[in-house]
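Descriptive analysis of the structure
The primary structure of each chain is shown beneath.
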Amino acid sequence: MSAEETDFTEFDRAYQGLLAKVWSDDAALSALLADPKQYAIEAGLPVDPAATVTVDRSQPEELLTRTEILQAFHGTPGTHVLRVPEHAPIDLSELTDEDLELIAAGNNVNNNLYQSK
């Protein structure tokens with residue numbers, strides 16, 4: 001696995017974990033919205049120390065692709081935009097706590113919360 005693939009895999013795991021957490025825990029969502037930069041750092045995302053972090057809560061009509069997520073996060077120098085739609089594209093209430101933990105840990109590729117394009 002190349003360094004770029006490893007970096008992406010780490011981002012992917014951290015981002016999916018962040019989504020699973022904020023979509024299932026109101027306190028986590030409040031913490032994210034109160035201090036997006038600190039929350040992103042604690043979630044393991046690669047935040048540039050000089051950058052600001054903003055949260056985009058708009059709900060897309062289709063699943064977000066990895067390209068869209070990465071472009072938002074890395075596309076503007078000095079700003080990281082976290083795409084965190086208002087609600088999950090799947091009904092998280094149908095997932096067990098174990099499913100959510102696997103998603104947050106990045107271990108279950110069958111439960112990706114967004115497309116891998």
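Residue numbers restart at each chain and count upward from 1, following the sequence in its written direction. The predicted origin of the model limits local features to residues at a pLDDT of at least 70 and limits the giving and counting of side-chain atom pairs to 80 or more, whereas totals for whole chains, interfaces and linings rest on all residues. Hydrogens and water are ignored here; the side-chain numbers use all heavy atoms of the structure.

Our next topic: helix 4 (residues 66-74). The set of residues buried in helix 4 consists of Arg66, Ile69, Ala72 and Phe73. Viewed end-on, helix 4 has its buried residues packed into an arc of 135 degrees, placing them on one side of the element. Among the exposed residues of helix 4, those oriented more than 90 degrees off its buried face are Thr67 and Gln71. To sort residues, take the accessible area from a 1.4 Å probe on protein chains only and compare it with the maximum for the residue type: under 20% means buried, over 50% means exposed, and anything in between is partly exposed. A helix here means a DSSP run of H or I that spans at least four residues, while a strand means a run of E at least two residues long, and both kinds are numbered starting from the N terminus. Starting at the helix axis, one direction is taken to each C-beta atom, and the arc is that of these directions.

Here the focus is the nonpolar core. The term nonpolar core refers to a set of buried residues drawn from Ala, Val, Leu, Ile, Met, Phe, Trp, Tyr and Cys, joined through side-chain atoms within 4.5 Å. Core analysis: the biggest nonpolar cluster contains 21 residues, and Tyr15, Leu18, Val22, Leu32, Leu45, Leu82 and Val84 have the highest contact counts within it. Among the elements of the structure, helix 1 (3-24), helix 2 (26-34), helix 3 (36-43) and helix 4 are those that each provide at least two residues to this core. Looking at this core element by element, the count peaks at seven residues for helix 1. Two residues qualify as a contact provided that any one of their heavy atoms is within 4.5 Å of a heavy atom in the partner residue. Sequence-distant contacts of Val22, defined by excluding residues within four places in its chain, comprise Ala28, Leu29, Leu32, Tyr39 and Val84.

Right, let's talk about the packing of aromatic side chains for a bit. Geometry of aromatic contacts follows a simple scheme: Phe, Tyr and Trp rings, the Trp one being its six-membered ring, pair when their centres are within 6.5 Å, and the pair is stacked under 30 degrees between planes, edge-to-face over 60, tilted otherwise. All told, the structure shown has two aromatic pairs when counted by the stated rule. Taking 6.0 Å as the distance between ring centres and 5 degrees as the angle between the ring planes, the aromatic pair formed by Phe11 and Tyr15 counts as stacked. Of the two residues, Phe11 and Tyr15 both sit in helix 1, four residues apart, roughly one turn of that helix. The pair formed by Phe11 and Tyr15 is uniform in burial state, with each residue classed as buried. An aromatic cluster is present here, built from Phe11, Tyr15 and Phe73 joined pairwise through their rings.

All right, on to the pattern of salt bridges then. Salt bridges, as used here, are contacts in which a Lys or Arg side-chain nitrogen is within 4 Å of a carboxyl oxygen on Asp or Glu. For the structure shown, the criterion picks out four salt bridges. Between Arg83 and Asp56 there is a salt bridge, and its shortest N-O distance comes to 3.2 Å. Remark: Asp56 occurs in strand 1 (residues 52-56) and Arg83 occurs in strand 2 (residues 79-83); sequence separation between them is 27 residues. Given the relative accessible area of 22%, Asp56 is considered partly exposed.

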